[in-house]
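# Structural features, examined
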Amino acid sequence: MPFSQACENNKGPILVELKRIFANSQQVLEIGSGTGQHSVHFAEHLPHVTWQASDQNSYLTHLNARIELVGSPNLLPAFGLDVTLDWPTQMISPVLDSIFTANTLHIMSKPMVEAFFKGIGQSLIKTSQVAIYGPFNYQGKFSSDSNASFDQWLKQNNPESGIRDIEWITTLAKQQGLILQADIEMPANNRLLHFCRN
Ligand SMILES: C[S@@+](CC[C@H](N)C(=O)[O-])C[C@H]1O[C@@H](n2cnc3c(N)ncnc32)[C@H](O)[C@@H]1O
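Residues numbered from 1 in each chain as written. Predicted model: local features only at pLDDT ≥ 70, side-chain atom pairs only at ≥ 80, totals over all residues. Heavy atoms only, no water.

All right, on to the pairing of strand β8 (residues 179-186) then. Inspection of the sheet shows β8 paired to strand β9 (residues 190-197) by seven bridges, in the antiparallel sense. When the sheet's bridge partners are listed, Asp183 is paired in β9 with Leu193. Hairpin connection from β8 to β9: three residues lie between these consecutive antiparallel strands, with Ala188 at a positive phi of about 60°. (Pairing = 2+ DSSP bridges. Helix = DSSP H or I, 4+ residues; strand = E, 2+ residues; numbered from the N terminus.)

So, on to helix α4 (residues 110-123). With 14 residues, α4 extends 20 Å between its outermost C-alpha atoms, agreeing within 8% with the 20 Å of an ideal straight helix rising 1.5 Å per residue. Every buried residue of α4 is listed here: Val113, Ala115, Phe116, Phe117, Gly119, Ile120, Gly121 and Ser123. On its buried face, α4 is in contact with β1 (27-31), β4 (98-102), β5 (128-134), β7 (164-165), α6 (166-175) and β9. (Expected span 1.5 Å × (residues − 1). Buried < 20%, exposed > 50% of the residue type's maximum accessible area, 1.4 Å probe, protein only. Contact = heavy atoms within 4.5 Å.)

Before going further, it helps to examine the site of the ligand. Around the ligand there are 17 residues in total, and Gly32, Asp55, Gln56, Val83 and Ala102 lie nearest to it. In this structure, Asp82 approaches the ligand through a side-chain N or O atom, which is 3.0 Å from a nitrogen atom. In the complex, 88% of the free accessible area of the ligand, which totals 580 Å², lies under the protein chains. The class makeup of the residues in the shell around the ligand is eight nonpolar, seven polar and two charged. (Near = heavy atom within 4 Å. Polar contact = N/O pair within 3.5 Å; in protein donor to acceptor, adjacent residues only side chain to side chain. Areas by Shrake-Rupley, 256 points an atom, 1.4 Å probe, with all protein chains shown as cover. Nonpolar A, V, L, I, M, F, W, Y, C, P; charged D, E, K, R; others polar.)

Moving on, we come to a nonpolar patch on the surface. A surface patch of nonpolar side chains, about 330 Å² in accessible area, is lined by Met1, Leu69 and Val70. Inspection of the secondary structure puts Val70 in helix α3 (residues 60-70). (Patch = residues over 30% accessible without salt bridge, like charges linked within 9 Å, V, L, I, M, F, W, Y side chains within 5 Å. Salt bridge = Lys/Arg side-chain N within 4 Å of Asp/Glu carboxyl O.)

Given below as structure tokens:
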């Protein structure tokens, strides 16, 4: 099964924040669940929420294998969701109140990031929480040398990938009525952005 050491390292610190951010949530949709390590950990430790994993179709076999093997009852089987395609509205809860995504916005191209925000804006109920984990730039500048090197490495793999400016992200969120509540410093030069729509 695919395994990410980064997920093992960051799942503890992320959970501390999600316990607060999703304290009153009922339904969480995770976008770009990857290996599913976050999905199983967060669902287990947030038993009051129904956690819905998702990813592009090519990830689903391994992702659902992990969910089947070690998932808790509140973790639903992952479905296919590519932010640039038609969103599977019939699979998304009509009372979806929360979104989680980790390490996805710097992998996606800019049009994909725009599609991500449009899609979550349309899928969420009015009062909702969004938590986005990953590295971000401030006023076009990298927040560390390691993030600058990481950005170079990303662009070598895919010129359309790259660490995003937080100012652009907050603008896209605002267009969906999502206002930045907190920009939380996390280990290894990452951030956890908490947006809320009231
Ligand atoms: C670096 S991995 C992160 C996986 C996991 N969230 C983690 O933190 O380990 C990037 C993820 O973004 C997803 N992704 C990339 N483009 C996407 C798209 N257009 N729609 C949905 N997910 C996408 C990938 O499939 C992959 O699961």
